[in-house]
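Summary of structural features
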Amino acid sequence: MSDVRTTGMADRAVLATPPSMARRVRGLSDRAIAWLFIAPTMLLLLAINIFPLIWTIQLSFTNYRANRTAEAKYVGFDNYVAILTKSDVWEAMQATAHFVIWTIVLQTVIGFALAYLIDRKFRGHGFWTTVILIPMMLSPAVVGNFWKFLYQPQIGLFNYIISFFTGIPPSSFEMLGSVSLAPWAIIIVDTWMWTPYVMLICLAGLRSIPGYIYEAAEVDRASPWRQFWSITLPMALPFIMLAVLFRGIENFKMFDMVNLLTGGGPGSTTEVASITLKREAFEKWRTGYSSAFAIILFVTVFGLANIYVKALNRVKQR
Amino acid sequence: MMRLKKSAMALGLAGLVSAAASTSASAAGELTLCWAAWDPANALVELSKDFEKASGTTMKFEFVPWPNFADRMLNELNSGGKLCDLLIGDSQWIGGSAEGGKYVKLNDFFDKEGIKMEDFAPATVYAYSTWPKGTPNYWALPAMGDANGWFYRKDWFEKPEIQAEFKAKFNRDLAPPKTWTELKDIAGFFQGREVDGQKVYGAAIFTERASEGITMGATSALYSFGFNYENTSGKYDMEGAVNSADAVKGLEFYKELYKCCTPPGYTDSYMGEGLDAFKSGQVAMMMNWFAFMPGMAKDEKVGKVTGFFVNPGEKVAASTLGGQGISVVANTDNMEGALAYIKWFAQPDVQKKWWSLGGYACHNTVLNDPAFKDSQPFAGQFLEAMGGVKDFWQEPAYASLLQAMQKRLHDYVVADKGTAKEALDALIVDWTEVFKEEGKL
């Protein structure tokens, strides 16, 4: 299958190569020149993507530990069975699902609302667009650290703001230390940081809708509400779905923000799958086991993304 | 094409020159010592200047902050990196590093150079040097003795009005506690109190989740309440030891102390957070390693008003072991230089200076000196603590064992999940699984 694909690519590259190029390089056929151009990329892909993937799959069937000198033993599907039957893993998957679903819902709703507002041309909208985009330009390490300070119960600004509006004493609740609040604390930070990204994609969608469609709707005396449901939302939907896909994949792999804010705690409340994976791979050094876990996560994301892309294509074709 | 050839030649030449430069630096005697970034590391830099003068070796240091120390250094060892020639690694790493061939076995070298392990405190040799435990197979020289101890605000304890109120409430003088029950009384007494116009809290204890914090903190209580890892040493028979009635009581007590008497937001705190809380005058008492006591005693703001006490007993007197031995990394390019450093460091005079600079020497010449107890305000407590230290598993699979305990303890103490008995029962299941994988059960 891959041979057919690469041959096709080579042929296309040949067609795209101007005839003068072939004449300049003596002794090489057009096909050889095409391969010459493609080869570095193919080698790079093989070295940094395909080879590690195959290696990881192979390791996932062994009890290999990278910190031991003992030979790795083939254990069949034992690692996969152990992972899929372990309650801690399912708890981590639940924490991941909770995080992914809520961040996507909030970021999509707020992101689209912001894009809709920004799309109305008003005075200073360029300035406000830039201001809104600032969070996504910051490094996750910086964001994680300063939100940790904001959530500090004794000196944190966040607690004081909540206290100002609700009258609850600021030191009486702990955003990062409470089992019920910690997952939401992370969702808030991720939403704050990545909503602008969703907004940007949605804005591109809104700007791509031709103005004459609205003009025609107005001639037909369609209300703004009707225009929104019949024109704006359906035409921006592929873009919204694309933003959801990007954020979904990204948040399924979320590691840095959670690690910085809670480290998976309190207890294991915010221990998302990637934190569990890191602990197994680089703290406990169960390389074979963690390879199997990585493959399970990869297949899950890949499978879900594929189903989603098919749905996206169907929406685009409508 | 000619231009390309010239560029390639220039690059090749540059590569050769830089390789030659690095080889000559190594040949001239350059050693890199890796350790955690903390107060004693600064003292070691100062001490090592004498070695540089005596040997002509250039010393380089790689100090990593504690929360990342294990990750960074174990990755370095496991990947066969060449960053460190010498490593002052945690006591729990010794099993894995010895069995994995990461450390050099030092027996022959000690014999050749006349370095005797009997010259060092037995508890430190056992914990920092030997693998298998207690056998005369040495993988490190005891470098830095340490245990978990306590710091307290002497000035607050001495205030007449506070003393009077405490006595009226508890019918005893306010003094450094001898038991965990007394410690909790004192912590509760200070919790939320106003001292010098500021609201203060009882105690800063370890609750950190990611690395080793809550395990090191909770075991300080557990050991004192009678917790053991095994019923019979070396048999891995944990049922009835790990989850004994005493162990359950100890864990429940640690949770009560966390709930009643720590500052708000103290859910993920270790050494650094404790030091911040104590130095900023937030807490009356702080659990932390003896290693920080020399620095605290010299602190401009709170040094003079800080007192120290050994980890309280309850059923038995016990302290959680800290500290490290210094090992030679097996794939060093400068084996000779690394061994020369160990030989130099083992000298009694160097050990004396090490203590005077703020390092906790383990050499008997230092510890048995009659003047030692009075040499520092915490020296006597250090000796007392080292007489009753207990350490975590030092097995090659220690990281898996530690992570399991971190999870179970944090789930119970901070996240209110289940009971103490359930947490310890679950810990036995986790540990049994690890030992089965290791082929020890």
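All residue numbers refer to positions counted from 1 along the written sequence of the respective chain. For this description, chains carry letters from A and ligands carry numbers from 1, given in the order in which they are written. Owing to the predicted nature of the model, reporting of local features is limited to residues with pLDDT of at least 70; listing and counting of side-chain atom pairs is limited to 80 or more, with chain, interface and lining totals taken over all residues.

1. So, the overall build of chain B
Counting its regular elements, chain B contains 20 helices and 13 strands. A compact globule built from 441 residues should have a C-alpha radius of gyration of about 22 Å, and chain B, at 24 Å, falls within 12% of that. With respect to the principal axes defined by its C-alpha atoms, chain B has extents near 90 × 55 × 50 Å. For chain B, the proportion of its 441 residues judged to be buried stands at 49%. Note that contacts rest on C-beta atoms placed from the backbone: two residues are in contact if these are within 7 Å. Pairs at least 24 residues apart make up 74% of the contacts formed inside chain B by residues separated by at least 6 positions. Strands are runs of DSSP state E lasting at least 2 residues, helices are runs of H or I lasting at least 4, and numbering of each runs from the N terminus. C-alpha atoms define the radius of gyration in this analysis, and the globule rule sets the expected value at 2.2 Å times the number of residues to the power 0.38. We call a residue exposed when 12 or fewer other C-beta atoms sit within 10 Å of its C-beta, buried when the count reaches 20 or more, and partly exposed for counts in between; the C-beta positions come from the backbone.

2. Here's the deal with the overall build of chain A
Scanning chain A from N- to C-terminus turns up 14 helices and zero strands. Walking chain A from its N terminus toward its C terminus, one meets helices and strands in the order α-α-α-α-α-α-α-α-α-α-α-α-α-α. Against the compact-globule benchmark of 20 Å for 318 residues, chain A has a radius of gyration of 25 Å, which places it well outside the compact range. Seen along its three principal axes, the alpha-carbon backbone of chain A occupies a region of about 80 × 70 × 35 Å. When the 318 residues of chain A are sorted by exposure, 29% land in the buried category. Looking at chain A alone, contacts between residues at least 24 apart form 68% of all its contacts between residues at least 6 apart.

3. Examining unusual backbone geometry
Of note, the bond from G265 of chain A into P266 of chain A is cis; its omega dihedral lies within 30 degrees of zero at -5 degrees. Positionally, P266 of chain A belongs in the loop between α12 (256-261) and α13 (273-283). Residue P132 of chain B is bonded to the preceding W131 of chain B through a cis peptide linkage, with omega at -10 degrees. Within the secondary structure, P132 of chain B sits in the loop between α6 (122-128) and β4 (141-144). In the Ramachandran plot, R221 of chain A falls in the positive-phi region, its phi being about 60 degrees despite a non-glycine side chain. Its location among the elements puts R221 of chain A in the loop between α10 (211-219) and α11 (224-252).

4. Quick look at the sheet that holds strand β5 (residues 148-153) of chain B
Residues and elements named next belong to chain B. Only strands that DSSP links by at least two bridges are regarded as paired with each other. A sheet is described by the order of its strands in space; here four strands give the open sequence β8-β9-β5-β10, paired in mixed fashion. Only two strands of the sheet have a single partner each, and these edge strands are β8 (201-204) and β10 (306-310). Averaged over all adjacent pairs, the angle separating strand axes in this sheet is 20 degrees, with direction ignored. Here five bridges tie β5 to strand β9 (residues 283-289), and the two strands are oriented antiparallel to one another. Note that in β9 the partner of W150 across the bridge is M287. Set on the sheet, helix α18 (residues 379-386) makes contact with β5 and β10; between it and β10 the angle comes to about 20 degrees. With axes taken as lines fitted to C-alpha atoms, and helix axes fitted only over the stretch in contact, angles between N-to-C directions fall between 0 and 180 degrees.

5. Observations concerning the interface of chain B and chain A
The interface is formed by 23 residues belonging to chain B together with 24 residues belonging to chain A. When residues in the side of chain B that touches chain A are grouped by element, the largest group, six residues, is from helix α19 (residues 398-413) of chain B. In terms of residue class, the side of chain B that touches chain A is built from six nonpolar, ten polar and seven charged. Under the scheme applied, nonpolar residues are Ala, Val, Leu, Ile, Met, Phe, Trp, Tyr, Cys and Pro; charged residues are Asp, Glu, Lys and Arg; polar residues are all the others, including Gly.

6. Section: the nonpolar core
Among buried residues, those of type Ala, Val, Leu, Ile, Met, Phe, Trp, Tyr and Cys that are joined through C-beta atoms within 7 Å form a set called a nonpolar core. Membership of the largest hydrophobic core comes to 138 residues, with the highest contact counts inside it found for L86, A203, L251, M285 and M286 of chain B. Looking at this core element by element, the count peaks at nine residues for α19 of chain B. With residues up to four places along the chain from it excluded, the contact list for L251 of chain B reads A218, L222, Y412, A420, A423 and L424 of chain B. Counting residues in hydrophobic clusters, the runner-up holds 45 residues, among them I104, W194, I201 and Y289 of chain A.

7. Some words on the confidence of the model for chain B
All names here are of chain B. One confidence number per residue, pLDDT, is output by the predictor and ranges from 0 to 100. Of the residues in chain B, 94% reach a pLDDT of 70 or more, and the chain-wide mean stands at 91. Contacts for the low-pLDDT stretch residues 1-28, under 50 throughout, to residues beyond four places or in other chains number three contacts. At the level of chain-chain contacts, confidence expressed as ipTM amounts to 0.79, with global pTM at 0.85.

8. Structural notes on helix α14 (residues 335-345) of chain B
Residues and elements named next belong to chain B. Considered for burial, the residues of α14 that qualify are G337, A338, Y341, I342 and F345. Projected down its long axis, α14 carries its buried residues within an arc of 145 degrees, all on one side. Contact partners of the buried residues in α14: β1 (30-36), α2 (39-55), β3 (86-90), β4, β12 (324-328) and α15 (348-357). Working definition: the arc comes from the directions between the helix axis and the C-beta atoms, pointing outward to the latter.

9. Quick word on the sheet that holds β1 of chain B
Residue and element names in this part refer to chain B. Strand order in this open sheet of five strands is β2-β1-β3-β12-β4, and the pairing throughout is mixed. The open sheet has two edge strands with one neighbour each: β2 (58-64) and β4. Neighbour to neighbour, the strand axes of the sheet diverge by 30 degrees on average, direction disregarded. Of the pairings in the sheet, the one linking β1 to β2 comprises seven bridges and is parallel in character. Paired with L33 across the strands is F61, a residue of β2. Packing against the sheet, helix α3 (residues 66-78) makes contact with β1, β2 and β3, and its axis sits at approximately 110 degrees to β2. Across the face of the sheet, α14 comes into contact with β1, β3, β4 and β12 while running at roughly 145 degrees to β12.

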